[in-house]
Amino acid sequence: MTTTAIPSGPWRGLIDIVFTGDWHRHNGAVPADERLATRLRGVQRRRAMAAAEEAELILELAGHRPAALDPDGPGARRPGWANEPGGEEISEFFLAELATVLNLGRGTAAVRLRRALTWSRKLPATFAALATGELDERRAQVLADVLEHTHAQLAGQVEAALLDQARDLSVARLEKRATEELLRLDAAASEERQAEAAKSADVRLYPSGIDGRSTLAADLPTDEAAECHDLLDQLARMLKADGDPRPIGALRAHVLSALIRRPADTGLPAVAAHLTITADLHALTGTSSTPGEVNGLPITAAHLRELLARVGALGLTTPEGGTLTYALTGPNGQLLATLTPTELARLAGRSCPTHTDPSSCECAVLGPPPPTDAYTPTDRQRAFVLTRDQRCRFPNCGQRVGWTDLDHVTAHACGGATDCTNLSHTQDHP
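Residues numbered from 1 in each chain as written. Predicted model: local features only at pLDDT ≥ 70, side-chain atom pairs only at ≥ 80, totals over all residues. Heavy atoms only, no water.

A short note on helix α15 (residues 379-389)
For clarity, the threshold we go by: Each residue is assigned to one of three classes by its accessible area relative to the maximum for its type, calculated with a 1.4 Å probe on protein chains only: buried under 20%, partly exposed between the two thresholds, exposed over 50%. Helix numbers and strand numbers start at the N terminus; a helix is a DSSP run of H or I with at least 4 residues, a strand a run of E with at least 2. Note on definitions: a residue-residue contact is assigned when non-hydrogen atoms from the two residues lie within 4.5 Å.
Residues Q381, F384, V385, T387 and D389 constitute the buried set of α15. Lining the buried residues of α15 we find β8 (326-329), β9 (335-339), β10 (405-408) and β11 (423-426). Q390 occupies a position one or two residues after α15 and carries a positive phi of about 65°.

Topic: the pattern of salt bridges
What counts, and what does not: Any carboxyl oxygen of Asp or Glu that lies within 4 Å of a side-chain nitrogen of Lys or Arg is treated as forming a salt bridge with it.
Taken as a whole, this structure holds twelve salt bridges when the rule is applied. Here E54 makes a salt bridge to R112, at a shortest N to O gap of 2.8 Å. Separated by 58 residues along the polypeptide, E54 in helix α2 (residues 32-63) and R112 in helix α4 (residues 106-121) bring together distant segments of the chain. Classification of E54 as partly exposed rests on a relative accessible area of 26%. Here E97 and R65 are joined by a salt bridge, their closest N and O atoms 2.8 Å apart. With E97 in helix α3 (residues 94-102) and R65 in the loop between α2 and α3, this residue pair connects regions lying 32 residues apart in the sequence. A residue is classified by how much of its surface remains accessible, and E97, at 26% relative accessible area, is partly exposed. According to the relative accessible area criterion, R65 is partly exposed, its value standing at 29%.

Let's talk about the pairing of β10
Keep this limit in mind: Strand pairing is assigned whenever DSSP detects at least two bridges linking the two strands.
On β10, burial follows the alternation: L406 and H408 on one face are buried, whereas D405 and D407 on the facing-out side are not. The pairing of β10 with β11 spans four bridges and is antiparallel. Within the sheet, the bridge partner assigned to D405 lies in β11 and is T426.

Overview of the packing of α2 against α3
Heads up, the rule is: Here an axis means a line fitted to C-alpha atoms, over the contact stretch when the element is a helix, while the angle between two N-to-C directions is reported on a 0 to 180 degree scale. Each angle receives one of four descriptions, namely roughly parallel if under 35 degrees, roughly antiparallel if over 145, roughly perpendicular if within 65 to 115, and oblique otherwise. When the near helix sits turned anticlockwise from the far one by under a right angle, the crossing is termed left-handed; a clockwise turn instead gives a right-handed crossing. Side-chain classes follow a simple rule in which Ala, Val, Leu, Ile, Met, Phe, Trp, Tyr, Cys and Pro form the nonpolar group, Asp, Glu, Lys and Arg form the charged group, and the remainder, Gly included, forms the polar group.
Between α2 and α3, the least distance of the axes is 11 Å, while the angle of their chain directions is 140°. What the angle tells us is that α2 and α3 run oblique. Seen along the crossing, α2 lies across α3 with a hand that is right-handed. Along the contact surface, α2 presents E54, I58, L61 and A62, while α3 presents F94, E97, L98 and L102. Among the residues making up the contact of α2 with α3, the classes are represented as six nonpolar, no polar and two charged.

Brief notes about the confidence of the model for the chain
Applicable threshold: The quantity known as pLDDT measures the predictor's confidence residue by residue, on a range of 0 to 100.
Averaged over the chain, the pLDDT score is 77; the fraction of residues at 70 or greater is 64%. In the model, residues 1-26 has pLDDT below 50 throughout and makes 35 contacts with residues more than four positions away in sequence or in other chains.

Spelled out as structure tokens, the structure:
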């Protein structure tokens, strides 16, 4: 296999030519490992070229969605709206559209838009090297991420200093060198980057890949993160010295959980966590291994039984300072109704005026909350839709309902009913 370059022009690029058959026998067969390595390098080049093409298409589509076309009346940009850096002229609704086109989450779509804007406006040489496959996608991404928040002239200086050697540096080393070069040329850029990073800092929760466990991650200033880790480590080592047999890592995780859930002397008000627990009735009695969920995160049936026993749910009691709501689902998992333990007990004791034999009665006594003529949903509607949705209903979003709005699918002003079938949790999507 050989690689040949096409002369400059509209078709400039690289072509991989693979020779098979008798050619190898007459010209000396290429060792199998070398052929595989060459093919892998070809995959890397094609992936880089595809990434550049994707960025070009994203930019072209964004050019068809100018912010000037956004509405000025209902649905207009909210105060405090933060568009993508460098994309002020792009419609605020473009990210939702891009996420749908790419079939990705909105956050991932935002990253791809930011990188495309940075490559095209601040790092043209990097963009050109990516388009020809001379620079791999990951290293091009590192340069874009490091230089995203600086001005084009400074970004160009860093690019000029590093691009020629970027292929020979590891990804981590390239990121370090780019940051060092940026600080050398403009120390103020560090403060700007810190300020931008502080705006997007967050605490995130996602499954860890192990049944019944999840990862809680916080984006903090380095000094604060190091201080937190050191304190957790000290407290964990105290437990270890007292004879706790668990591994030190497990003890650090235990200490962190205890400090957050039972804070002391922080000056913060006492709060109670709101958990939505989804359980199969047979799993609660130990006759099924069907897993459940806590706030949308999967847990095992055994873990579920232990959790519900701890909060007293199996005894039909409400946790102190909390609420207990039952969600009744159909055979296909569709939500039929939500109700409290008191309402469940009252309905279970209700007799049917039509059937004298309760065992033969199939009359419905419960269903979704009724619609209202008002614009604002009722409390029962909110409870039902929150339990049903759990996350933003926009394709690929997945944001938890605590960060979303309860909206009318068909606008109320356009005749949309305030009914559970027309209510949905969405996060600022069009």
